[in-house]
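Given next are the chains, with one letter for each unit.
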Amino acid sequence: MTRILLLGGTSEASSLAKTLAESGADAVFSYAGRTAKPVSQPLPTRVGGFGGVDGLAAYLKAEAITHVVDATHPFAAQMSTNAVQACETAGVNLCAFERPAWQAGEGDTWVHVGTIGEAVDALPEAAAQVFLAIGKQNLTQFAAKPQHHYLLRLVDEPEAPLPLPHTTVEIARGPFDAVDDTALMQRHGITHVVAKNAGGMGAAAKLTAARGLGLPVILIGRPQVPVRPILGSVAEVMAWLSHTAG
Ligand code: 3Y8
Ligand code: NAP
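Residues numbered from 1 in each chain as written. Chains lettered and ligands numbered in written order. Predicted model: local features only at pLDDT ≥ 70, side-chain atom pairs only at ≥ 80, totals over all residues. Heavy atoms only, no water.

Novice: Explanation requested: the side chain of Thr81 in the structure shown.
Specialist: Positionally, Thr81 belongs in helix H3 (residues 77-90). In terms of polar contacts, Thr81 uses its side chain to reach the backbone carbonyl oxygen of Ala77, at 2.7 Å. Setting aside anything within four residues of it in sequence, one finds Thr81 in contact with Val225 and Pro226. (Helix = DSSP H or I, 4+ residues; strand = E, 2+ residues; numbered from the N terminus. Polar contact = N/O pair within 3.5 Å; in protein donor to acceptor, adjacent residues only side chain to side chain. Contact = heavy atoms within 4.5 Å.)

Right, dumping it as structure tokens:
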């Protein structure tokens, strides 16, 4: 009997959840609990970590999970790594459902970097207006360049003081729109954009806006995760589930 754990937190996970619910699949949706009010899902939903690899392996056994679909964000490298190890231990089928990385197009001025630290190094010495659209978890390293004014877009109001001296905080949850992002970046006189190569549509608006405004984008490459099958559409995941059933 197929029972699915869907590791969520992305637009892909939400679209898969809808199809699974419509098909009457026995599935559980999982959030990390990173945001105050995550978007509700049409599946039974659990929130919070599993307690590392062992905790996830124990959960898979206790819940008689037969398939894990890792539809977490390409930068959720710890979750993806844990899923590979836990599914191996528990003998559970695993696939990733992931969107491809963004590719530069005509008119894009992208500076590719490998880490957050390299993104900080890629910022100029002279004070600039930086749209730091990477969320809340990786801000501290930018304190090495306090001379810039940082426009931060966060999902929730920050609970603790921010680690940067000059900031403007925009509270918003994507997916975002290029027209709105263009107006936002013009309003704040943005000169540089820093982004993760998330891929997908939900966060691409700022790249389109940067292209239109002729601004450079410092683009952080994806972290390494262990090899596992990667599918690119809801249809492929549904086919994988039926091919590996039983
Ligand atoms: C908690 C669930 C859906 C999913 C929507 C996608 C699109 C909108 C764009 C910018 C970039 C960023 C950030 C972003 C986007 C989607 C998707 C996506 C980027 C929610 C969500 C959770 C999170 C966690 C949050 C991180 C942060 C990253 C903001 C829900 C809204 C910057 C990633 O405050 C925090 O601690 C936020 C943490 C991880 C990255 C970071 O390191 O700070 N996402 N985002 C999930 C959980 O608890 O398991 O609250 O409803 C989901 C979405 N965020 O269902 O339609 O699919 O990517 N999320 C990035 O790409 O760089 C914003 O501002 O331009
Ligand atoms: P991460 O660094 O890879 O994971 C850290 C820990 O958070 C994991 O070890 C696990 O805790 C827990 N966790 C992560 N995702 C989970 C999930 N879907 N369900 C249950 N526990 C989860 O993860 P992250 O980058 O903080 O991402 C957290 C969530 O935000 C994920 O759902 C991800 O899809 C979403 N998201 C992240 C980004 C991003 O830029 N990182 C962007 C958009 C959405 P235990 O070890 O205790 O099991």
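There's plenty left to go through after this.
Novice: What am I meant to see in empty space enclosed by the protein here?
Specialist: Any empty space left between the atoms is revealed when a probe the size of a water molecule rolls over them. Applying the stated criterion across every chain yields a total of one cavity of 30 Å³ or more. If you add up the space inside the largest cavity, you get close to 40 Å³. Taken together, Asp70, Thr72, His73, Pro74, Ser80, Glu98, Val225 and Arg228 make up the lining of the largest cavity. In terms of residue class, the lining of the largest cavity is built from two nonpolar, three polar and three charged. (1 Å grid on protein atoms, 1.4 Å probe; cavity = no way out; pocket = protein on both sides within 12 Å on 5 of 7 lines; lining within 4 Å. Points joined across faces, edges and corners; volume = space filled by probe spheres on them. Nonpolar A, V, L, I, M, F, W, Y, C, P; charged D, E, K, R; others polar.)

Novice: When you look at the packing of helix H5 (residues 178-187) against helix H6 (residues 205-213) in this model, what are you seeing that I'm missing?
Specialist: In helix packing, the relevant descriptors are the interaxial angle and the interaxial distance, both defined with respect to the helix axes. Close contact between H5 and H6 brings their axes to 8 Å; oriented N to C, the two are set at 60 degrees. In terms of orientation, H5 and H6 fall into the oblique class. With respect to the hand of their crossing, H5 and H6 are arranged in right-handed fashion. Taking contact as the criterion, the partners of Ala178, Asp181, Thr182, Met185 and Gln186 in H5 are, on H6, Ala205, Lys206, Thr208, Ala209, Ala210 and Leu213. A class-by-class count of the residues in the contact of H5 with H6 yields six nonpolar, three polar and two charged. (Axes fitted to C-alpha atoms, helices over the stretch in contact; angles between N-to-C directions. Parallel < 35°, antiparallel > 145°, perpendicular 65-115°, else oblique. Left-handed = near helix turned anticlockwise from the far one by under 90°.)

Novice: Is there a simple way to think about the sheet that holds strand S6 (residues 109-113) in this case?
Specialist: Sheets are built from strands that pair by backbone hydrogen bonding, the pairs being arranged parallel or antiparallel. Judged by pairing direction, the sheet is parallel, and its six strands sit side by side in the order S6-S11-S10-S7-S8-S9 without closing on themselves. Looking at strand neighbours, the two that pair on one side only are S6 and strand S9 (167-171), the edges of this open sheet. On average, adjacent strands in this sheet sit at an angle of 20 degrees to one another, irrespective of strand direction. For strand S7 (residues 129-132) and strand S8 (residues 149-154), the ladder comprises four bridges, and the chain directions are parallel. Residue pairing across strands places Gln129 opposite His149, the latter belonging to S8. Seen against the sheet, H5 touches S7, S8, S9 and strand S10 (192-196) and runs at an angle of roughly 150 degrees to S8. (Pairing = 2+ DSSP bridges.)

Novice: Even after reading the chapter, I still don't get the sheet that holds strand S5 (residues 93-97), so can you show me in this structure?
Specialist: Spatial ordering of the open sheet is given by S3-S2-S1-S4-S5-S12, a layout of six strands whose pairing is parallel. At either margin of the open sheet sits one strand with a lone partner, and together these are strand S3 (45-47) and strand S12 (230-231). Relative to strand S4 (residues 67-70), strand S1 (residues 4-7) runs parallel, the two being bridged by four bridges. Bridged to Leu7 within S4 is Asp70. Together, S1, strand S2 (27-31), S4 and S5 form the strand contacts of helix H1 (residues 11-22), whose direction differs from that of S1 by roughly 155 degrees.

Novice: Help me out: how do you make sense of the site of ligand 2 in this one?
Specialist: Near ligand 2, the surroundings consist of 23 residues, among which Gly8, Ser30, Arg34, Phe50 and Lys196 are the closest. Within the backbone of Tyr31, an N or O atom sits 3.4 Å from a nitrogen atom of ligand 2. Between ligand 2 and the protein, one listed contact pairs an oxygen atom with a side-chain N or O atom of Asn82 at 3.4 Å. For the shell around ligand 2, the secondary-structure elements that each account for two or more residues are S2 and H3. The element contributing the most residues to the shell around ligand 2 is H3, with four residues. Class assignment of the residues belonging to the shell around ligand 2 gives a composition of seven nonpolar, 13 polar and three charged. (Near = heavy atom within 4 Å.)

Novice: I'm lost on the packing of aromatic side chains in this one. Help?
Specialist: For any pair of aromatic rings, the description consists of the separation of the ring centres together with the inter-plane angle of the planes. Counting across every chain of the model gives three aromatic pairs. Arranged with centres 4.8 Å apart and planes meeting at 65 degrees, the rings of Phe29 and Tyr31 form a pair that is edge-to-face. The positively charged end of Arg46 is found above the aromatic ring belonging to Phe50, 3.8 Å away from the centroid. Note that Arg46 overlies the ring of Tyr59, its terminal NZ or CZ placed 5.4 Å from the centroid. (Phe/Tyr/Trp six-rings, centres within 6.5 Å; stacked < 30°, edge-to-face > 60°. Lys NZ or Arg CZ within 6 Å of the ring centre and 35° of its normal.)

Novice: Would you explain the site of ligand 1 in this entry?
Specialist: In the vicinity of ligand 1 lie 30 residues, with Ser14, Ala32, Thr35, Lys136 and Arg173 positioned nearest. Note that an oxygen atom of ligand 1 is positioned 2.8 Å from one of the backbone N or O atoms of Arg34. Between ligand 1 and Arg99, the relevant distance is 2.8 Å, taken from an oxygen atom to a side-chain nitrogen or oxygen of the residue. Protein contacts shield 92% of the accessible area of ligand 1, which totals 1,100 Å² for the unbound molecule. In the shell around ligand 1, the residues fall into eleven nonpolar, twelve polar and seven charged. (Areas by Shrake-Rupley, 256 points an atom, 1.4 Å probe, with all protein chains shown as cover.)

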